[in-house]
Structure formats: C-alpha cells, structure tokens
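# Descriptive analysis of the structure
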Number of protein chains: 6
Amino acid sequence: MRPSGRALNEMRAVSFETGFTKHAEGSCLIKMGETHVLCTATIEDRVPPFIKGSGLGWVTAEYGMLPRATNTRMRREATTGKQGGRTVEIQRLIGRALRAGVDRVALGERQITVDCDVLQADGGTRCASITGGWVALRLAVNKLMKIGDVKIDPLVDPVSAISCGIYAGQPVLDLDYPEDSEAGVDGNFIMTGSGKLIEVQMSAEGSVFSRDQMNQLMDLATQGTAELAEMQKAAAS
Amino acid sequence: MRPSGRALNEMRAVSFETGFTKHAEGSCLIKMGETHVLCTATIEDRVPPFIKGSGLGWVTAEYGMLPRATNTRMRREATTGKQGGRTVEIQRLIGRALRAGVDRVALGERQITVDCDVLQADGGTRCASITGGWVALRLAVNKLMKIGDVKIDPLVDPVSAISCGIYAGQPVLDLDYPEDSEAGVDGNFIMTGSGKLIEVQMSAEGSVFSRDQMNQLMDLATQGTAELAEMQKAAAS
Amino acid sequence: MRPSGRALNEMRAVSFETGFTKHAEGSCLIKMGETHVLCTATIEDRVPPFIKGSGLGWVTAEYGMLPRATNTRMRREATTGKQGGRTVEIQRLIGRALRAGVDRVALGERQITVDCDVLQADGGTRCASITGGWVALRLAVNKLMKIGDVKIDPLVDPVSAISCGIYAGQPVLDLDYPEDSEAGVDGNFIMTGSGKLIEVQMSAEGSVFSRDQMNQLMDLATQGTAELAEMQKAAAS
Amino acid sequence: MRPSGRALNEMRAVSFETGFTKHAEGSCLIKMGETHVLCTATIEDRVPPFIKGSGLGWVTAEYGMLPRATNTRMRREATTGKQGGRTVEIQRLIGRALRAGVDRVALGERQITVDCDVLQADGGTRCASITGGWVALRLAVNKLMKIGDVKIDPLVDPVSAISCGIYAGQPVLDLDYPEDSEAGVDGNFIMTGSGKLIEVQMSAEGSVFSRDQMNQLMDLATQGTAELAEMQKAAAS
Amino acid sequence: MRPSGRALNEMRAVSFETGFTKHAEGSCLIKMGETHVLCTATIEDRVPPFIKGSGLGWVTAEYGMLPRATNTRMRREATTGKQGGRTVEIQRLIGRALRAGVDRVALGERQITVDCDVLQADGGTRCASITGGWVALRLAVNKLMKIGDVKIDPLVDPVSAISCGIYAGQPVLDLDYPEDSEAGVDGNFIMTGSGKLIEVQMSAEGSVFSRDQMNQLMDLATQGTAELAEMQKAAAS
Amino acid sequence: MRPSGRALNEMRAVSFETGFTKHAEGSCLIKMGETHVLCTATIEDRVPPFIKGSGLGWVTAEYGMLPRATNTRMRREATTGKQGGRTVEIQRLIGRALRAGVDRVALGERQITVDCDVLQADGGTRCASITGGWVALRLAVNKLMKIGDVKIDPLVDPVSAISCGIYAGQPVLDLDYPEDSEAGVDGNFIMTGSGKLIEVQMSAEGSVFSRDQMNQLMDLATQGTAELAEMQKAAAS
C-alpha cells in the first residue's frame, strides 16, 4: 500500500499551466502532485565558445529551489557562494536530457536556456523539471518557427522523465517524497515519446539491486513516460 | 498620461493568494499588476547570536529574482558566487521594514525569515515584497498564536510599502516598469496601517528635487499605503 | 543634552586636508569630529560598458573601513571573500549622490572613481564620505580643466550630506556614534549647495516616526548642508 | 575495429600498485591502460553531523585531476574558486558506490575518506577511481581489523565499476578516450563481486538508445566487473 | 647616482606619528619618505585554536593597500573576492617577523593583531609595515603592562626591516620605487636592535647574484636596521 | 645525530623519473627521500597580457599537495574556495626561481607552465619542486628545440634548490620533516649550476640567528645545489 493510496503503476495528477510568466519566450508551471516547478525558456543569439561558427544550436538548463520549497528551510544558494553538488548534478542532467531531443542543425546557431525553479517540492523535482522544461522549450521553439527564424522543427519527439523505485518491496511508479525517502532502490528514466531511452540512472544508496528489479522499473518507466508524452503534446499545442 | 492609462493617484490591481505553497508557516503570492512575488515565512527556534538569551524575537528577510522574471534573462545569483549589491540592499530594507512592525518581546525568542522571490517583475518589486511579506508574516504569527506559543499579538499594525515618483513632470502613485525607467525622481515609502512612517527613501539618479515635490510624493504614499493596509488585513483574516 | 555638549543644531568641527596622498588626481582627508575618512579621486579613460560610445562620463565610488577604525576590530573584508551588505549599500549611495551633482555631458566620456576609506569612525561615515568625496572629485576635475581636457565645468554645485536624528526625544544635527547608537529615528540627507535634494533616507529601526518629525529633521539638514557647502568650496578653491 | 585493437569484450591491462604513498591508511595506484589514478583512504574518528551518535560509520570520496593529466592543460580547480560540475558529480558517485558495499554498523562510528586523484587520464577515470578506491578502502579496513578496532569485516564484497558503450555501432567494454569521445551511447556500471547492481548510468549525449542496446551493455559490464573483482581481491590480500 | 640624490647608504627620512587613530590599543603612522603606512595593534583575549590552553601568546598581522596608494589605481581586494598572492606573502612575513621578537610566555595567552594599511606607496611597504608595526605593538604592550595584565616585558629588542638592492651596479640602502623597479637584485632584511637576524630574503627576478653582493647588502642592512631601532625606541617611549 | 642517520652535509637519496606522465611536453617525478613531487611542463602559445607583443617568453608555476600527501589529511584546496597562503607563497617562489634561469628572448613569445604536485611529503617540497620542475622544463624546451621552434637554448644553467637549517645546534643539509619541525632556523637556497644565487630565504620562526650561522648554511647549500645540478643534467639528457 502506497502512502498516497495510488496503484503501483499510477502517476500523480499532472498539470501544465503554460504562459505562467510573461517575459520568457516559453514558460510553464508543471505540477506533479505536490511538486511544482516553474520552467522558463529563454532564446539568445549566442552560443557557447566551443560551437561558435559551427551553425549548431545549444540547449542548456539551470535548476534552483526556493529556500522554503521544502519542509524545512534550506539556505539560499546565492548566499552560500556556490551551487551545491546536488544542484549542479541535476541541472547538468536536465540540460543533457533536453539536448538529446533537439535537432541542433535545425535549431540553428542560437542558445535556449531552460530555467527550472522549484516552488514546492514533494519528490521527483528533477523529473518534473525535464518534463515541464520540454514544454517550455516547445513553446519557445514554436515562437521561432512562427516568425520564420527556424524552418524545420528541431523537436521531433517529446522528452519526459519519471522516477521509479522499489518501495516496501514493490516496484512503484512516480515516487513522492514519503516514498522516495524510504525506497531502497530508485531510478530516473528519461525517454522520448516514441519509447527510446535518453538516460537511465538507477542507484541503491547503501544497498544493491538485481537485474530483474532493474527490468521491472524499466517497464513502469516506459508506461509512465508514454503517458507524459501525450500530456506534453496536448499542453504545448 | 500614464502608459497604463491609470489616474495619477491610482494603484495597479492588487491581489494576495495566501497558502500558495504548503510547507511554509505562512505563504502568499502577491500580484501588483504584472509584478508577482512569492513570499514565505519560516519560523525557527533560534535567533542570531547577538540577541541570544535576551528573550527578544527577530524577523529577517531574503530577496531573490528568478533569472527570467525580467524582460531579458539575468544571470542566476547562485552561479555568480554572491548576491549582487541591489539584492543585498533590498533584502536589508525588507527586513528592517518588517521588524519595525513587530513587538519583539511579544514574539518571544524565535526567528521568522521572510523569503521574497520575484516570479515576474514589472517595477516595484521591493514594495510588493514588503506588502506581501507582511501577509506571510501575519499568517505565520497566526499559527503561533493558535497553538499558544505566542500569547500577545506581536503584529499591532500592518506594514506596507509603495513607490511614488515624478513621471513626465507629474507626481504619480505606484510606478510600473515603463514609468520607473523614465522617472526623474522616485521614492519608496514604508508606512504602518495607522499612517506612521517606518522608512522613506527618495532619490534622483543624476538629478535633484525640491521639498515641495517631496511633500507631493509623501501625500500620494500616505493614501496608497492606507489602501494597501486594508487589503492586507482582509487577505490574512 | 547631547553627550558631546553640542547644541541641537550644532555640527561637529569639520576640516578638509587636501592633497593628503600624492598619487590620486584628487585627495582629501575629511574630519567630522572623530570621524576621519580618506577620499581619493581617480580619473580613467574608460567608462562602464553600458555607456560606451555615448559621450557621457561616469562617476562611481567605493567604500571601505580599516579593520581597527572602530572600537572593536572588524574582520577585513578582503579576507571574508566579499564586501558586506552595509558596505555595498553605502558605496552605492555615495556613487549615486556624487553622480547627481555632475553634468555628465560636460565631463566627457571618462570615469572618475572616488574611494572613501574610513581611517577612524565615530558615526556618520557615509555622510563624511560624500562630503569629502565631493572635494576630492572637485580637485580631480580642476586638474582636467587646467590641462584643457574638460572645457565646461561639470560640477555646478557642491554635494554634501549630513545625518540627523531624534535623540532623547529631540531632533539633533550630525549624530556622533554615542547618539547614533541610541537614536530611535535617523536619516541621511544629501543636498546641493543651493538647497536642492538629491537623496533622503529616513528610517526607524524597530520603531516608527511621524511626518512632523520628518520635517524637523529636513529643516536641520537643510541648515547643515548649506554650511558644509561653504566649507567645501573654500577647501577646494 | 577498436582503435586499440582490443576485442569488443576486452578490458585494458589493469594493475594495482598498493602502498604507493606511505602516510595514508590505505593507498593504491590503479592503472587501467593509460588511465592512472592515485587512491588513498584516510580514517578519521569523526562522522558527519547527521549521523553523530548513531553508531554508524561513513565513507565519502573526493576526486581531482592534476592540471596536466589530460591532453591539454586544464585550469587548476583550487585557483578557480570551486570544484567544477563534472568533478562534483563524479565524487558524489564514487562516494555512493563505495558506501553501498560497506556494512556501516560493522564499521562503527568513524569516517573513511577516499581521495581519487587522476595523475594521467585516458577515459574511464571515474570507474578506475571506484575500482582503485575500493582497494585503498580495503587496505585501510584491514588495518582497523588488525588492531582490533573493527571486529566484523564491513566489506563483504568488492565494488568495481566499468564503462561500456556503443562504438562504431558495436557494444564495447571499457572505453578508452578515443572511443569515449566518439561513442553515441555510454554507460557506467557499478557492481559487486557477486554480480549485484549498485548504480547504473547510461546516457546518449544528443542521441537515443534502445532497451536492447541497454541489455547488451549490461551483459558486457557484468563480465567486466566480475574480472575486476578477482583482481581487487588479489591486490588487497 | 640615485634618483633621489641620496648617498648609497642613506635611508629616506623616517618619522613615526604615534596615536594616529584613537580606538586601537597601539597605533602609528610610519613615513619612510613617500611611503606611508598606518599600523594599528589590537589586543584580544583569544588565541588561535592550535595554542589554546598553552599559556602562550600570539602575534599576527594583516596587510592591505588602499586602491589609490599607488600611481595607478589597483582593484580593491574586498571586491575581488580574495587577497592577492603578494598581499598574502607580505602579511605572513610581517607576522613571522614580529613574532620573532616576542617572548610569548611573557605575553600570556592573548593575541595581538597588527594591521598595516598602506595609505601611500613609494617602495618598501613591507619593511615600513614591520618597522611601524613593531611600534604599534610596543604601544599596545605598554598598555598591558601599565594595567598589570602583563608583568614581564615580552618585547626585549626592537624588530625592524629594510630593503637593499643592487641599483645601477651599486649596492644601495632603502630602495624607493624608482630604484626598486629597476634593481636587478633586491632583498629584505629583518633584524633585531642588537643585530641578530630574523629573516633574510634576497632575490633576483630573472637574474642572478653573487655571494659577494649578498654580503654587501647584508652590511648595508645591518647599518640601516640599527638606525631604525634607535628611532623605534624613541618613538614608543 | 640526525634522525635519519645522515651526515651533516649529506643529502637524501635523489631520483628523477622522467616521462612519468605522457601528455605533458615535459614531466618528471622527483624523489628526495620520502618527498615525491610530480612536475609537468606545459607549453602554450600565449603569454600574460603585460608582455604581449614583446617577443619575450614567460615561465610560471603552480603548486599543490594531494590531500593525503601528509601525515594527517589536509582539506582539498579546490573545496575551500581558494589556495592557502602557504601555497600561494610557494608557487610564486617556484615561478621566480625557474624564470631566473631562462633566457626569455631565446624562448620566444610563448608560456611554459610548470605544475608541481606533491604526491608524498616529508619536508622540502618547495625545493624538490624547483629542482624537479627545472627538469620538466628542460625536457619541454628540448622538444621545442628539436622541432626547431626555438633555435638558441634558453636554459643555460640548471636551477636547483635545497633547504638547510640549524638542527640540534648543528648546520645540516636537506632537512627532512622531523628535522624541519624542530629546526630553530631554516633556509631555502636557490642556485644555478655554476654557483650563482637566485634566491635566498632564511628565517627563524619565533627566534633569531647570527651572520655566522647564515654563512654556514650558505656553504652547505652551495655544495648541495652543485650536486643537484649534475643530477639534473644527467636526468634530462
């Protein structure tokens, strides 16, 4: 029995509020249950030095949490003098995930930065950031295509992410915070709308797992990301 | 004529969405027109070293802006290694303003931290932070009183803030961004619900002003903060 | 009765020692009673990026305190990794104040940096920095005019600053440290020699004040800055 | 055909030089082909605050690269003011991996820090760090057991890691730098000597992969880590 | 011929203005020609952790330069986020030098921090800091002895420092800036009033020197520091 | 009697393992007894801004210690946010020392960076860094001469360094850690193969020394560096 009463393969309620802020080229507030992340996409006419002049585009991401997004207040990273290790790890993951779903030739030599800021956290913030971040990215690219700056759609397939884990001995889909803090094994699965894998991370903090368990989690994630892809397409249409 | 079509002494539409996030002891999303600030209040059973053992409470504030709250993306402060000068100046102002409205003996030896994070900016973010921050503080104090940890209400009078300035030669109330960037003189006025002054800051970047103009702005601010105080009371009741 | 025995509207003894250091284009050691600030003005043939090519000049300021300028030793900011919030706030104020008294077209596309370093502190260091900083600026501009790099005097009117406050229930001019640490209300007033206002900051740490009190402090400040302006002109002539 | 001429499932030559430095409680220079990592294990009688008094031990890791471990010189992290994102990500991974193989009750309330410093890099430094780091950890624990501070062996099973990837369309074991920089898909697999999984990370920078490919890489990794586990036991015996 | 017209073994005019600032337990403005350094000594009832409880005292030093102490403005170290390498090197030297002249048992378990801030630089700032710093230290210790907190004088012999170098092929005493920037070889010599050596640093940036030259510079330094010691005793009496 | 049983003027066993790492243009692992330093030389086609266009070359150095190079683990400098004062002092010394032995016209407008990383420390790490660093530099320059980028040898004479000190009342050559931590006086002597001096640093932490003692240490150092120069030439030939 899951604390939330959900079935083993049941995701939390998911919603996307597009246009949540007005300045960004794309913006979206994603809610996966009680996890709320504001995602914005910013288009800039510059690229990192290492691809300057290559004609290729770039997509990158930054991640942050408001100090009281969590149950107890965390110190604001701007006052500590640097982003913590967890933050750095997550934003690199988001950037890699979104880039994997982009045709960088079609995007052209410009950069899109996706900012994912967690307003409220209840587990799964990195997955929500990827899923919501893709919607913000989609909206920004739509704008580029509408004004004709981009001719061929560089986003062929949605990118979404979901966490799965072994909770109380059972494989479950979309861990919330009470489950996440108890789970012996958990993983983050990033997949395309057509079921291809982009990134898989499974780990067992202070424990181990079997290949069978790995396959059970993969099965759940395949189902979950397929559902998310449909919702992403509807939200950004 | 103001760009927004507002009368000279007309504030933008103001709203307070209390309970916007669930973890904080008090939370409130204030909207002053297109300026949106998420304010949360966190209660902690510790105080700064310099008042330890004094029996007095403490209220402090932190301020931040999401990178794309503004028209062009600003660099995330967590990645620059420190808070900028403007940020530091603003959060010190918010803290002083809120403390002025608190009976620190009645609060008892505990600290309340008010985080003000700008989700969308259109001028006047520091004033909105103070006005919304007081509502979050009020809600947190209500909780302390309800459970009996605080017996005498330490918040006797609301604290609110409004900006006024000379725009196109006329004194105007509640500058939005287009006005703020053109105004020759502008000021921030922090007052109590009963019309007492807490802090006044008037300045003329690269210019000067007269005492008459100062008095005109004071008059507008007195009217504006009185209106805000009524709305604050209604929101936190 | 003031601790120093001064009358309510009596400033401390003020002196300016110009040419205190030899390398700077302008330098001045200002003493307001026991508050001693070394101000130097440096001319550079570059301006901040945001005005490059505009033909306009720029004036900026930095502020520091020697570790033992105060009664107990403060940690050296160079060893803490950053300037503190108070320092940042003050140096931004000094810069705004001095810029307000400069005709930036007449100055031409160059930057003058005014460094204000407190050798000994006894209250009112930010006001002394502005008043002494203007003298250093005046001397540097004199040099530019003498060699013909600047034709029209960009400094039309002195800029000076004074603090006033409510001490023991009475409005008093030019707070020293014993008064400053007791005052319920205090303000910093920056004015031109001809009585125009540049910046007004009044605040009541943990308290409130009335508009009447505000006016009383304004009156004192108007008198005080007029006196300072005369002394500044004499010092830099 | 692999650039090195190795078979698809053939690891590079692996060696462990234990006792490479004399001060550490355990030390080991691991060479996986041209990738050389110096691993040291330090025992300290303190634990992080969050487990103080719990009776549990802690294992953590730090990772670094000498500036000229790579083909072109990288800036020294000590001079940049912080560890880069890649470094942080890797050292967190090493720490989690080693902790998973430790019985923290048996270890008792002490901390072992494993430092992994890359002297020469040719791909696969994080995997070599984990594999060599376990040997250093094993040697340090041996010392604790010899002097009787630890009674029950807290290291039941070796922990090793290997990278696998799809290179030129073929699944290959133990990528070296020329392969790593060309591989469309690559993964790091951390396993115990008895074939249990600790952490799996697979990603496709700017690309995607199928579940079949994932399974092929898992197969290779299972073989590779089994071989490494035997060598680790021999080295630390 | 020296640019200043001085004889080869002639020091610049030296003066000590004691009590230059009022808060410090000891203070002194030393002028060696156009090099002016403000030295203050602060007594604190705490010592560094590594000697806590040992009964021994500690003397340490910090060094800084005002931004416009030099011919062109240097960036303020507080804004760069750290003290530069040269600053760190100098303040460590000052601390070692002063400690060498202190009987730390007689001083008792307290710390004296000597701050040396260069108001104007013209070569030899580290030597002036040591010589003036010892006077500030002497004055602070006098205070401790007067109130009976210290019974036996911990300062048996003055500590002073002087630079010497090979300028235009000749050994010269007390280099000023024009000489220092041209000298092929230069050294800093720290000695006691009775002619004992505390620290010798000789170097030849991009060049070499002979043992004969070394001895010539030693001779000059021996004469110079003997003269300085007399002046120090007179200044602090 | 020295703890190691060495004669007063007997160095530790010295060895140079050239080519210890493969990527650097020159590399060398120097062992002076139990002190082991990995030195690499990197050639880059850029010079610091202050000599750009001058046709002159530049040699600079960086120094680091692995966290467990010492008896107890030191905190990794990359995690503290800056290099410590001792590190900065040492790497500036190494850079000056190596530059003194270089004909910068012959080198041509390019930079060579010598990284000295201490793998194991037992006293004398800065001297070993200079001596080993010169060998790495020699090897890198050999490469430049072989390919014809440099025509005239810019390294005319080896640069080596040795520490000497007064241990148990006797002048001794090449202090190891047990001697160094007890020595009342110690010095570092940097000399060329032909017996010229480059830098001399002698100090007496908390003590003093005589000119006679200084001369005894100089004599030992002259002998020691002559021996080292022969070994350097042999190693790099």
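Residues numbered from 1 in each chain as written. Chains lettered and ligands numbered in written order. Predicted model: local features only at pLDDT ≥ 70, side-chain atom pairs only at ≥ 80, totals over all residues. Heavy atoms only, no water.

### Considerations on the overall build of chain A
Quick note on the threshold: Helix numbering and strand numbering both begin at the N terminus, where a helix is a DSSP run of H or I of at least 4 residues and a strand a DSSP run of E of at least 2. Values of the radius of gyration come from C-alpha atoms, whereas the globule rule sets the reference at 2.2 Å times the count of residues to the power 0.38. Burial status follows relative accessibility: with a 1.4 Å probe on protein chains alone, a residue under 20% of its type maximum counts as buried, one over 50% as exposed, and anything between as partly exposed. Only heavy atoms enter the contact rule, under which two residues are in contact if any of them lie within 4.5 Å. Note that accessible areas follow from Shrake-Rupley with a 1.4 Å probe, and for residues the cover is restricted to the protein chains shown.
Scanning chain A for helices and strands turns up 6 helices and 9 strands. Expected size for 237 residues packed as a compact globule is a radius of gyration near 18 Å; at 18 Å, chain A falls within 12% of this value. With the C-alpha coordinates aligned to their principal axes, the bounding extent of chain A is approximately 50 × 40 × 30 Å. In chain A, which comprises 237 residues, the proportion classed as buried is 62%. Long-range pairs, those at least 24 residues apart, make up 69% of the contacts in chain A between residues at least 6 apart in sequence. Summing over all exposed atoms, chain A offers an accessible surface of approximately 8,700 Å²; the carbon and sulfur share of this is 50%.

### Things to note about the pattern of salt bridges
Spelled out, the test is: Each salt bridge in this description consists of a side-chain nitrogen of Lys or Arg and a carboxyl oxygen of Asp or Glu lying within 4 Å of one another.
Applying the stated criterion across every chain yields a total of 114 salt bridges over all chains. Between Glu 62 of chain F and Arg 76 of chain D there is a salt bridge, and its shortest N-O distance comes to 2.9 Å. Here the residue Glu 62 of chain F occupies a position in strand S4 (residues 58-65), and Arg 76 of chain D occupies one in the loop between strand S4 (58-65) and helix H1 (77-80), the pair thus bridging two chains. When its relative accessible area of 17% is taken as the criterion, Glu 62 of chain F is described as buried. Assessed through its relative accessible area of 8%, Arg 76 of chain D is described here as buried. Residue Glu 44 of chain F is joined to Arg 46 of chain F by a salt bridge in which the shortest nitrogen-to-oxygen separation is 3.4 Å. By relative accessible area, which is 46% here, Arg 46 of chain F ends up partly exposed. Each member of the salt-bridge network shares a partner with another, and the members are Arg 2, Arg 6, Arg 12, Asp 122, Asp 174, Asp 176 and Glu 179 of chain A.

### Thoughts on the arrangement of the chains
No part of chain A reaches chain E; the closest C-alpha pair between them is 11 Å apart. You won't find any contact between chain B and chain F; their C-alpha atoms come no closer than 10 Å.

### Remarks on the interface of chain B and chain C
Accessible area lost upon the coming together of the parts serves often as the stated size of an interface. Worth spelling out the cut-off: Accessible area that two parts lose when put together, evaluated with a 1.4 Å probe and summed over both, is termed the buried area.
Chain B puts 30 residues into the contact, and the matching count from chain C is 31 residues. Across the chain B to chain C interface the summed buried area is about 2,900 Å²; carbon plus sulfur atoms make up 51%. Taken as a group, Glu 89, Leu 197 and Arg 211 of chain B account for 21% of the area that chain B buries against chain C, more than any other trio of residues on that side. Across the contact surface, chain B and chain C share 6 salt bridges. With its nearest N and O atoms 4.0 Å apart, the salt bridge here joins Glu 89 of chain C to Arg 96 of chain B.

### A short note on the packing of helix H2 (residues 85-100) of chain E against helix H2 (residues 85-100) of chain F
For the record, the criterion: The axes used here are C-alpha line fits, helices contributing only the stretch in contact, and every angle between their N-to-C directions lies in the interval 0 to 180 degrees. Roughly parallel means an angle under 35 degrees; roughly antiparallel, over 145; roughly perpendicular, 65 to 115; everything else is oblique. Charged means Asp, Glu, Lys or Arg here, nonpolar means Ala, Val, Leu, Ile, Met, Phe, Trp, Tyr, Cys or Pro, and polar covers whatever is left, Gly included.
Direction vectors running N to C along H2 of chain E and H2 of chain F enclose 110 degrees, while the axes themselves pass 9 Å from each other. Judged by the inter-axis angle, H2 of chain E sits roughly perpendicular to H2 of chain F. Note on element contacts: H2 of chain F touches H2 of chain E through Gly 85, Arg 86, Val 88, Glu 89, Arg 92 and Arg 96 of chain F, opposite Gly 85, Arg 86, Val 88, Glu 89, Arg 92 and Arg 96 of chain E. When grouped by side-chain class, the residues that make up the contact of H2 of chain E with H2 of chain F number 2 nonpolar, 2 polar and 8 charged.

### Overview of the sheet that holds strand S9 (residues 197-203) of chain C
Note the threshold: Whether two strands pair depends on DSSP finding at least two bridges between them.
Across the sheet, which stays open at both edges, the 8 strands sit in the order S7(B)-S6(B)-S8(B)-S9(B)-S9(C)-S8(C)-S6(C)-S7(C) with antiparallel pairing between neighbours. Strand pairing shows two members of the sheet lacking a second neighbour, strand S7 (170-173) of chain B together with strand S7 (170-173) of chain C, which therefore form its edges. Between one strand axis and the next, the sheet turns by 15 degrees as a mean value, whatever way the strands run. In terms of strand pairing, strand S8 (residues 185-192) of chain B meets strand S9 (residues 197-203) of chain B through 6 bridges, oriented antiparallel.

### Considering the relation of the copies chain B and chain C
Basically, it comes down to this: Least squares is the method used to superpose the copies, on C-alpha atoms of residues holding a pLDDT of at least 70 in both.
Least-squares fitting of chain B to chain C yields an RMSD of 0.0 Å, with the superposition described by an axial translation of 0.0 Å and a rotation of 180 degrees. Here the symmetry operator amounts to a two-fold rotation axis. Closest approach to the rotation axis among the C-alpha atoms of chain B is made by Gln 201 of chain B, whose C-alpha sits 2.2 Å away. A share of 100% of the interface residues of chain B reappears at the interface of chain C, consistent with the copies meeting face to face through the same patch.

### Regarding the UniProt feature "domain: Exoribonuclease phosphorolytic" (unreviewed entry) in chain A
Residue and element names in this part refer to chain A. Convention followed: UniProt positions are given in the numbering used here, feature names are shortened, and annotations may be inferred rather than shown by experiment.
Summarizing the sequence annotation, UniProt attributes the feature "domain: Exoribonuclease phosphorolytic" (unreviewed entry) to residues 10-140 and 157-223 in the numbering used throughout. Within the segment residues 10-140, helix and strand shares are 31% and 31% respectively, and the terminal C-alpha atoms sit 31 Å apart. Span residues 157-223 is 25% helix and 42% strand, its end C-alpha atoms 16 Å apart.

### Some thoughts on unusual backbone geometry
Residue and element names in this part refer to chain A. One non-glycine residue with positive phi stands out, namely Ala 168, at about 50 degrees. Looking at the secondary structure, you find Ala 168 in the loop between strand S6 (159-167) and strand S7 (170-173). Taking the relative accessible area as the measure of exposure, Ala 168 reaches 66% and is therefore exposed.

### Details of a positive patch on the surface
Going by this rule: For patches, a residue must show more than 30% relative accessible area and have no salt bridge; joins then use 9 Å for like charges and 5 Å for nonpolar side chains, namely Val, Leu, Ile, Met, Phe, Trp and Tyr. Charged residues are defined here as Lys and Arg on the positive side and Asp and Glu on the negative side; His and the ends of the chain fall outside this count. By convention, charge coordinates are those of NZ in Lys, CZ in Arg, CG in Asp, or CD in Glu.
Positive charge collects at one region of the surface, where Arg 75 of chain A, Lys 82 of chain B, Lys 82 of chain C together with Arg 75 of chain E lie side by side. If you trace the backbone, Arg 75 of chain E turns up in the loop between strand S4 (58-65) and helix H1 (77-80).

### Overview of the nonpolar core
Stated formally: In this description, a nonpolar core means a group of buried Ala, Val, Leu, Ile, Met, Phe, Trp, Tyr and Cys residues linked to one another through side-chain atoms lying within 4.5 Å.
Within the largest apolar cluster, 135 residues are counted, with the highest numbers of intra-cluster contacts made by Ile 112 and Leu 137 of chain E together with Ile 112 and Leu 137 of chain F. The element contributing the most residues to this core is helix H4 (residues 125-146) of chain E, with 11 residues. Beyond its immediate stretch of four places on either side in the chain, Leu 137 of chain F contacts Ala 41, Val 59, Leu 98, Val 102, Ile 112, Val 114 and Leu 155 of chain F.

### Observations concerning the UniProt feature "binding site: phosphate" (unreviewed entry) in chain A
Taking the UniProt record as the reference, the feature "binding site: phosphate" (unreviewed entry) is found at Arg 86, Gly 124, Thr 125 and Arg 126 of chain A. Annotated residues spanning 41 residues; largest pairwise C-alpha distance 13.3 Å, indicating a single compact cluster. Residue placement: Arg 86 of chain A occurs in helix H2 (residues 85-100). A residue is classified by how much of its surface remains accessible, and Arg 86 of chain A, at 34% relative accessible area, is partly exposed. Discounting chain neighbours no more than four positions away, the residues touching Arg 86 of chain A are Tyr 63, Met 65, Thr 125 and Arg 126 of chain A together with Arg 92 of chain D.

### Here's the deal with helix H6 (residues 211-235) of chain A
Owing to its 3.6 residues per turn, the α-helix brings residues three or four apart onto one side. Note the cut-off: What a helix is expected to span follows from its residue count: subtract one and scale by 1.5 Å.
Between its first and last C-alpha atoms H6 of chain A spans 36 Å; for 25 residues at 1.5 Å apiece the expected length is 36 Å, and the two agree. Within the sequence span of H6 of chain A, burial applies to Met 214, Leu 217, Met 218, Leu 220, Ala 221, Gly 224, Thr 225, Leu 228, Ala 229 and Gln 232 of chain A.

### Here we look at the sheet that holds strand S2 (residues 26-32) of chain A
Residue and element names in this part refer to chain A. A sheet is described by the order of its strands in space; here 5 strands give the open sequence S1-S2-S3-S5-S4, paired in mixed fashion. Because the sheet does not close on itself, it has two edges, and the strands there are strand S1 (14-18) and strand S4 (58-65). If you compare each strand with its neighbour and ignore which way they point, the axes differ by 20 degrees on average. Relative to S2, S1 is paired through 5 bridges, and the arrangement is antiparallel. Note that in S2 the partner of Ser 15 across the bridge is Lys 31. Against the sheet, helix H4 (residues 125-146) contacts S1, S2, strand S3 (35-44), S4 and strand S5 (111-120), and its axis sits at roughly 35 degrees relative to S3. Contacting S1 and S2, H6 runs over the sheet at an angle of about 25 degrees to S1.

### Things to note about the state of the cysteines
Convention followed: In what follows, a disulfide is any cysteine sulfur pair within 2.5 Å.
The tally for this structure, following the rule as stated, stands at 0 disulfides over all chains. Cysteine Cys 28 of chain D remains unbridged, with the sulfur of Cys 39 of chain D as its closest cysteine sulfur at 5.6 Å.

### Points about the confidence of the model for chain A
In plain terms, the rule: Summary of the metric used: pLDDT quantifies the predictor's per-residue confidence within the range 0 to 100.
Of all residues in chain A, 100% attain a pLDDT of 70 or more, and the chain-wide mean is 96. Prediction confidence for the complex, expressed as pTM and ipTM, is 0.88 and 0.95 respectively.

### With respect to the packing of H4 of chain E against helix H6 (residues 211-236) of chain E
All names here are of chain E. Here is the rule we go by: Note on convention: near helix rotated counterclockwise from far helix by under a right angle means a left-handed crossing. Clockwise means right-handed.
At a minimum axis distance of 10 Å, the contact between H4 and H6 shows a crossing angle of 35 degrees. Here the hand of the crossing between H4 and H6 comes out right-handed. Listed contacts from H6 to Thr 131, Trp 134, Val 135, Arg 138, Leu 139 and Asn 142 of H4 are Leu 228, Gln 232, Ala 235 and Ala 236.

### What to know about the side chain of Glu 89 of chain C
What counts, and what does not: Polar contact criterion, stated in full: a pair of N or O atoms within 3.5 Å, where within protein one must be able to donate a hydrogen and the other to accept it, and residues adjacent in sequence count only if both atoms are side-chain atoms.
Locating Glu 89 of chain C in the fold gives a position in helix H2 (residues 85-100). Reaching out from Glu 89 of chain C, the side chain makes a polar contact with the side chain of Arg 92 of chain B at a distance of 2.6 Å. With residues near it in sequence (within four places) discarded, Glu 89 of chain C still touches Glu 89, Arg 92 and Arg 96 of chain B together with Arg 126 of chain C.

### Here's the deal with the pairing of strand S3 (residues 35-44) of chain E
Two faces belong to every sheet, and in a regular strand the side chains alternate between them. Residue and element names in this part refer to chain E. Buried residues dominate S3, accounting for 10 of its 10 residues. Burial along S3 is two-sided: Thr 35, Val 37, Cys 39, Ala 41 and Ile 43 facing one way and His 36, Leu 38, Thr 40, Thr 42 and Glu 44 facing the other are all buried. Here strand S2 (residues 26-32) runs beside S3; their pairing, made up of 7 bridges, is antiparallel. Each residue of the ladder has a partner; that of Ser 27, found in S3, is Thr 40. Pairing geometry for S3 and strand S5 (residues 111-120), over 9 bridges, is antiparallel. Looking at the pairing, Leu 38 lines up with Asp 117 of S5.

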